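Inside the fold
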Amino acid sequence: MADVTKNLKVYTTYGPKNAKPAQPAIVAKMITKAKRPLLVVGAEILKDEKLEKAIAIAQKGIPVAATGHTMKGLKDAEGVDAKYINIHFLGSYLCDANWQGLDGKGPYDLILFLGHKKYYINQVLSGLKNFSNLKTIAIERHFIQNASMSFGNIKPETHLEALDELIAEL
Amino acid sequence: MSELKSGTFSIEELENVQITIGSIVGAIEKAAEEEGDVGPTAKPGISDLRDWDYKLLEKYNPVYTPMCDQCCYCTFGTCDLTGNKEGACGINMEGHNAREFMLRVITGAAAHSGHGRHLLHHLIDLYGKDYPLKVGPSNIIAPNVQLVTGKKPETLGDLDDALDYVEEQLVQLLATVHMGQEGEAIDFESKALHGGMLDHVGMEVSDIAQISCLDMPKAKENTSLAEIGMGTIDPEKPVLLVIGHNVAGVTNIIDYMEEHNLSDKIELCGLCCTALDMTRYRTEGGDVPKAKVVGTLAKELKMIRSGVPDVIVVDEQCVRADVLREARKLMMPVITTNDKIMYGLPNRSNDDVEDIINDLKEGKQDGALILDFEKLGEVAPRLAQEMSKIRKEKGVTALPTDEEFKELTSRCVHCLACELDCPTNLPISDSMTSAAEGNLSPFEELHDKCIGCGRCEQACPKDIPILNVIEKAAQKVIREEKGKVRVGRGQISDPEIREEGVNLVMGTTPGIVALVGCSNHPEGTKDLYRIGDEMLKRNYIVIVSGCTAMDIGMYKNEDGETLYERYPARFLKGNLINVGSCVSNSHITGAAIKVAAIFAQRNVAGNYEEIADYILNRVGAVGVAWGAYSQKAASIGTGCNRLGIPVIVGPHGSKYRRALIGKPYDEEKWKVYDARDGSEISTPAAPEYLLTSAETVEELMPMLAKSCIRPSDNNMGRMIKLTHYIELSEKYLGIMPDDWYKFVRTETDLPLARREELLKILEKEHGWEIDWNKKKILSGPTTKSDVSAQPTNIKRLCKEAC
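Everything numeric here is computed off the predicted structure, so don't read it as measured data.

Right, let's get into the overall build of chain A. Of regular secondary structure, chain A possesses six helices and seven strands. In chain A, the order of α-helices and β-strands from amino to carboxyl end is β-α-β-α-β-α-β-α-β-α-β-β-α. Expressed as lengths along the three principal axes of its C-alpha atoms, the size of chain A is roughly 40 × 35 × 30 Å. Within chain A, the fraction of its 170 residues that count as buried is 61%. Pairs at least 24 residues apart make up 62% of the contacts formed inside chain A by residues separated by at least 6 positions. Summed over its atoms, the accessible surface of chain A is roughly 6800 Å², and 49% of this surface lies on carbon and sulfur atoms.

Shown next as structure tokens:
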């Protein structure tokens, strides 16, 4: 089993509230319980095997917000409900209770993040932490302190292992 | 009775008496009034353009992404504001972040204006207040100054008045940062926009003063090309490196070198905007630039660590705080020349030149503060010659030897501390492994993405000088860093606007893409080349300035050509223009102002709101600060925003912590008045933001095309812009954009080659009614097709019906 919570080092602090460390099984349980989860996938997944993992999670019926140019890797994937959106726009819309989501079916209640630059996603999540009540989970290979929950700092191979465990539990 | 005028007078009866009158109270205002209409907001105070700001902010909502959830501004706290809580003084997270953003903006504006003030004092000392401003074949000499202050400056002395206004306003803005002042985020936002506007005035003052006095190109097309890159510097010669943004003192160095035939004997080179302005100095007649450009702030530490410079001269802005500490290790004397950066060095301004040179070459002092530019002009080149000999004799080397390199790369324990601390999380650990095994290519690739901050070294538990390791590994690449940068041309002239303005407003030139800002590019300098090349091929006008103007010239195609060599430099579609240094950014907003003034005959003086409204609705221009990191970039962007120009920053720009993003799904907000009769008309969300970030270059490309769509586009213009938006989305994201149909008002807005295909999609997926015999849209569009409509956000500009 991949232990993803050992290293929670941060370079600088954002404030008193930090993400809680989360193991893949816990994350899977939270996704299963959520009514309207959204997987936000960034362009870093296009660089390695994370793309397959993102597709596998999406194929479990979780809609995808594809940020950056991630649609390039998702557009032909079967069983994936993905739509492009700029992540800064998404961060803004998610704080608006009137936004009905990418599909117009209503607000989301749990947001997962995978495949983003650490410094960038921490900024987006800082907005969500301070100006929304959303539950946010980072399943990145770095500890993303502004999420509600996050994997720790892990090696690339441990990250892939952790994502496999998460997919298996969904 | 005759009227007194400013200037210098002699009185016949009195021998040896000269009277100088600096300025007459009210004289400039009077002259402005005599010249013609002055709009309602000449020299606006903080609240005078608040209504305009509120209009913008209602549509483009502030989005805060705090970097620190606490406030520690006063001793009431420290206060935890997490979750938008209120602190001890009552301010909440939104208000505090808006305040911090405003502080960032006015810090940048103060840096430019302080630069302008120093330069102006210096030039007035040399040339006098009556020295005429000369910027090229234009009647609108200083569009930002005229727009904001209501006055058309004609002399250096007139610029003094504009700077007085900017300085007074900056003090008023800074006062609101104090505890117990402004409490609402929206009014801090309005103040931030005010600060951004002031910044463009300060920048314009700085640049037109130096253009006028220092024989810099004046709205000149196809200026010379200067050499750029670490690989262009000849280390065999004495090397004199200048760092900063204020060229004032460096001109004395150049003059001294020419007068003493040293220009070929000493390698004079620069980093950051001083370097760009050195290449502009005395090149008005097309002369060869008198210095080489090393590059941007990202090259600062790398250049020093290379051990190549013999003497370093610094002035102001974007100069690393550790230049003296780093230079000391390598026996490079540092000369500071501006009271903004003095590094604790002794003031030698009043000392004898020989004494200064002797003390520095004997190492009695690490450097000197020299505020007397004549002395600086002599000391710096002579000292470089002396130090070159001394440093060569002593065998001063900076980078590790091959043996040391092997030992250093093997010393790495792969704890990943460096990668966690690296601002871009570069793969240093794996590159160390490869280098230890003799494979340097990962480090060579990493070198271009590395911004040379040195944070990795601070984190390394094994004390590996990581930056030196990267630089040693990338020597082959560095030797090949030889690019070209076009010498900054200054402003866009009135005749150029006359020629191209109509195409911009109608949309037949698809837009202006202004690539500006610093060098914190997520994927290296190639990013800029890709953006520039793609948009130039598509006939956008690409304008560059500052560090971006440098970095875009660092990358070449397979034929060894930079974009500057491939594209001409007129203000026309498909042209690449370098306006100049950081302060030359004012010429980009200046061009937009001129479009409104010259093409649409709008009054400029003191008429900010109307001009900004015109630009927002009609001028397809977008700013990109892809590698922005300075406060100055924040103020430049915010000045663009108040004037109705949207700006996109790269992913690092998210750390500015505030964006302005609209909500296209809230359709009620996307309405304007038709100035012909005051009726409300729906518009597409164009632009749909004023400040946002993009994640990758690929995402940025279609965003750029979309950002140039404006409500006033004619059908041909909209068709061209929509074609680029759809094509770029398909090329870089692999999909048709979800919202393309929202920009269609009539079938003639559709890309010609794909009209039938798109009509079918409109019918099938969006339920639009199509007359297939005539291939016409019968119903469906939410925005009306009426190219005669005059969109405006300002009710008072509508005819009587309002």
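Moving on, we get to the side chain of B:Thr638. All names here are of chain B. Residue position: Thr638 is located in helix α26 (residues 631–642). The class for Thr638 is buried, based on a relative accessible area of 1%. Not counting residues up to four positions away in its chain, the partners in contact with Thr638 are Phe101, Val105, Ala192, Leu193 and Gly196.

Chain A puts 44 residues into the contact, and the matching count from chain B is 52 residues. Across the chain A to chain B interface the summed buried area is about 4000 Å²; carbon plus sulfur atoms make up 58%. Looking only at chain A, the three residues that lose the most surface to chain B are A:His88, A:Tyr119 and A:Phe131, adding up to 17% of its buried area. Put simply, chain A and chain B have four salt bridges between them. Here A:Lys129 makes a salt bridge to B:Asp69, at a shortest N to O gap of 2.6 Å. Linking chain A with chain B are 22 residue pairs in polar contact (both at pLDDT 80 or more). The set of elements that each furnish at least two residues to the side of chain A that touches chain B consists of α3 (71–74), β4 (82–84), α4 (87–94) and α5 (118–131) of chain A. With 10 residues, α5(A) is the largest single contributor of residues to the side of chain A that touches chain B.

This part is about a negative patch on the surface. All names here are of chain B. Taken together, the side chains of Glu558, Asp559, Glu561 and Glu565 make up a negatively charged region of the molecular surface. Examined against the element boundaries, Glu561 turns out to sit in the loop between α22 (546–551) and α23 (563–566). Residue class for Glu561 comes out partly exposed when judged on its relative accessible area of 31%.

Residue and element names in this part refer to chain B. Their axes nearest at 8 Å, the elements helix α15 (residues 428–436) and helix α16 (residues 441–449) cross at an angle of 140 degrees. As the angle between them shows, α15 and α16 are arranged oblique. Two secondary-structure elements touch here, α15 through Ile428, Ser431, Met432, Ser434 and Ala435 and α16 through Pro442, Phe443 and Leu446. In the contact of α15 with α16, the residues fall into six nonpolar, two polar and no charged.

All names here are of chain B. Across the sheet, which stays open at both edges, the eight strands sit in the order β3-β19-β22-β18-β17-β14-β15-β16 with mixed pairing between neighbours. Whereas interior strands pair on both sides, the edge strands pair on one side only; in this sheet they are β3 (61–64) and β16 (576–580). Taken over all neighbouring pairs, the strand axes of this sheet differ in orientation by 25 degrees on average, direction set aside. Docked against the sheet, α26 engages β18 (647–649), β19 (658–661) and β22 (689–693), running at close to 150 degrees with respect to β18.

Conventions we followed
- Residues numbered from 1 in each chain as written.
- Chains lettered and ligands numbered in written order.
- Predicted model: local features only at pLDDT ≥ 70, side-chain atom pairs only at ≥ 80, totals over all residues.
- Heavy atoms only, no water.
- Helix = DSSP H or I, 4+ residues; strand = E, 2+ residues; numbered from the N terminus.
- Buried < 20%, exposed > 50% of the residue type's maximum accessible area, 1.4 Å probe, protein only.
- Contact = heavy atoms within 4.5 Å.
- Areas by Shrake-Rupley, 256 points an atom, 1.4 Å probe, with all protein chains shown as cover.
- Buried area = accessible area lost by both parts, 1.4 Å probe.
- Salt bridge = Lys/Arg side-chain N within 4 Å of Asp/Glu carboxyl O.
- Polar contact = N/O pair within 3.5 Å; in protein donor to acceptor, adjacent residues only side chain to side chain.
- Patch = residues over 30% accessible without salt bridge, like charges linked within 9 Å, V, L, I, M, F, W, Y side chains within 5 Å.
- Lys, Arg positive; Asp, Glu negative; His and termini not counted.
- Charge placed at Lys NZ, Arg CZ, Asp CG, Glu CD.
- Axes fitted to C-alpha atoms, helices over the stretch in contact; angles between N-to-C directions.
- Parallel < 35°, antiparallel > 145°, perpendicular 65-115°, else oblique.
- Nonpolar A, V, L, I, M, F, W, Y, C, P; charged D, E, K, R; others polar.
- Pairing = 2+ DSSP bridges.

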